[in-house]
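# A look at the structure
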Amino acid sequence: MQILAYHVTSPAFVSKIYFRHVLGYKLNLKNPKTLNEKLQWLKLYYWANQPKAVQCADKYAVRTYIESVGKKEILNDILFVWNDADEMDWNALPEKFVLKCNHGCGYNIICKDKAALDEKETKKLLAKWLREDFSKFNAEPHYAKIDRKIICEKFLEGEVINYNIYVFNGKAVFFSVAGGLGDGQGEYLNYYNADGTLADFKNRSYETKEISLSPLLPDMIETAQYLAKEFPMVRVDLFDIDGKIVLSEMTFTPGGALIPFSSVAADRALGDKLDITKEMNGCYGKKG
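Just so you know, these numbers come straight off a predicted model, no measurement behind them. (Residues numbered from 1 in each chain as written. Predicted model: local features only at pLDDT ≥ 70, side-chain atom pairs only at ≥ 80, totals over all residues. Heavy atoms only, no water.)

Taken as a whole, the second largest pocket encloses approximately 170 Å³ of empty space. Taken together, Leu75, Asn76, Asp77, Lys154, Phe155, Leu156, Glu157, Ile241, Asp242, Lys244 and Val246 make up the lining of the second largest pocket. Looking at the lining of the second largest pocket residue by residue, the class counts come to 5 nonpolar, 1 polar and 5 charged. (1 Å grid on protein atoms, 1.4 Å probe; cavity = no way out; pocket = protein on both sides within 12 Å on 5 of 7 lines; lining within 4 Å. Points joined across faces, edges and corners; volume = space filled by probe spheres on them. Nonpolar A, V, L, I, M, F, W, Y, C, P; charged D, E, K, R; others polar.)

What follows is the structure in structure tokens.
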């Protein structure tokens, strides 16, 4: 249904429908004020026209960018890269690994025991994902420009906790810490201000949990700001793995630009901190 709507209408029209349904207020693209509105504008009119943003949204090509800015040490090991599921040599895979498609979100298979993973079904699922144009699900045009691949990464041992750092105009403004995602048990997501204090807003889709923040937080903030300096906004997702910072991904449309903050007031307050005036004054498409 989403893909059909995308084809018969327009990305902007589809975005307005999704926005009203998920967030409960009307999307204003002519004069965006809230954070979600500004993310929607960037999503529709800016990111797909920025080759470096497309590169960094690509879970494989982002590695070249990271290396080019001198941060190779934060990259997880890549074991294999394939253009098609049929290219995979199952016997060559280690006992633990992570499989990903590079052209969207949620295309992940975390394998803790290869013997328990069905080879045929895994390849079938990966082939299905490769056929999908992820850009059409939530009207995110930049994903359509990614050359689709399957990547196999080294399995990260221990508890994997996501530090998702929102950088606006070169400065970290807030971050989320999430754990238990995808396992169906104990999922949580907390928001914090950039200084590590608990934020006064929440995400309606998740419970919160009292946790201790990583001692690497100052280094994570510095790393995120360094990686984000060429973009008006990007969420830099990092892990603390046994005292080492590891990149997860760089996200230009977090939550599909449909983040369910606990109030519209919080959405607006965060929007006030992101300046996209220069981008809106440029020639990146019709604003409406």
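On to the state of the cysteines, then. Across all of its chains, the model carries 0 disulfides by this definition. The structure places no disulfide on cysteine 105, whose sulfur is separated from the nearest cysteine sulfur, that of cysteine 101, by 12 Å. Classification of cysteine 105 by relative accessible area gives partly exposed; the value is 34%. Free of any disulfide, cysteine 111 has its nearest cysteine sulfur in cysteine 152, 8.9 Å distant. Here cysteine 111 falls in the buried class, since its relative accessible area comes to 3%. (Disulfide = S-S within 2.5 Å. Buried < 20%, exposed > 50% of the residue type's maximum accessible area, 1.4 Å probe, protein only.)

Counting buried residues along strand 6 (residues 171-179), 8 of its 9 residues qualify, which places the element largely inside the surrounding structure. Sheet topology places strand 5 (residues 162-168) next to strand 6; 7 bridges connect them, and they run antiparallel. Bridge assignment links phenylalanine 168 to a residue of strand 6, and that residue is lysine 171. By the bridge criterion, 6 bridges tie strand 6 to strand 7 (residues 188-193) in an arrangement that is antiparallel. Residue pairing in the sheet places valine 177 in a bridge with asparagine 190 of strand 7. (Helix = DSSP H or I, 4+ residues; strand = E, 2+ residues; numbered from the N terminus. Pairing = 2+ DSSP bridges.)

The 4 strands are arranged 1-4-2-3 in an open sheet whose pairing can be described as antiparallel. The open sheet terminates on both sides in strands that have one partner only, identified here as strand 1 (78-82) and strand 3 (108-111). Going from strand to strand, the sheet's axes swing by 15 degrees on average, the running direction of each strand aside. In this structure, strand 2 (residues 97-101) lies alongside strand 3, joined through 4 bridges in antiparallel fashion. Directly across from phenylalanine 97, in strand 3, lies its bridge partner cysteine 111. (Axes fitted to C-alpha atoms, helices over the stretch in contact; angles between N-to-C directions.)

Any space left empty among the atoms is revealed by the rolling of a water-sized probe across them. Scanning the model with the defined rule gives 1 cavity of 30 Å³ or more in all. Approximately 70 Å³ is the volume attributed to the largest cavity. Lining of the largest cavity is provided by Lys59, Val62, Arg63, Leu75, Asn76, Glu153, Leu247 and Ser248. Elements with a contribution of two residues or more to the lining of the largest cavity: helix 5 (62-68) and strand 9 (244-251). For the lining of the largest cavity, the class distribution of residues is 3 nonpolar, 2 polar and 3 charged.

Another point: the nonpolar core. Ranked by size, the top nonpolar core spans 90 residues in total, and within it Phe174, Leu247 and Met250 carry the most contacts. When sequence neighbours within four positions are dropped, the list of residues in contact with methionine 250 reads Cys56, Ala57, Val62, Tyr65, Ile66, Leu227, Phe231, Val234 and Arg235. (Core = buried A, V, L, I, M, F, W, Y, C linked by side-chain atoms within 4.5 Å. Contact = heavy atoms within 4.5 Å.)

Before going further, it helps to spend a moment on the sheet that holds strand 9. Pairing in this open sheet of 5 strands is antiparallel, and the strands run 7-6-5-8-9 from one edge to the other. For this open sheet the edge positions go to strand 7 and strand 9, each flanked by a neighbour on one side alone. Taken pair by pair, the neighbouring strands of this sheet meet at an average axis angle of 25 degrees, ignoring direction. Across 7 bridges, the pairing between strand 5 and strand 8 (residues 233-241) is antiparallel. Bridging from a neighbouring strand, tyrosine 166 pairs with arginine 235 of strand 8.

That's the geometry; what it means functionally is another story.
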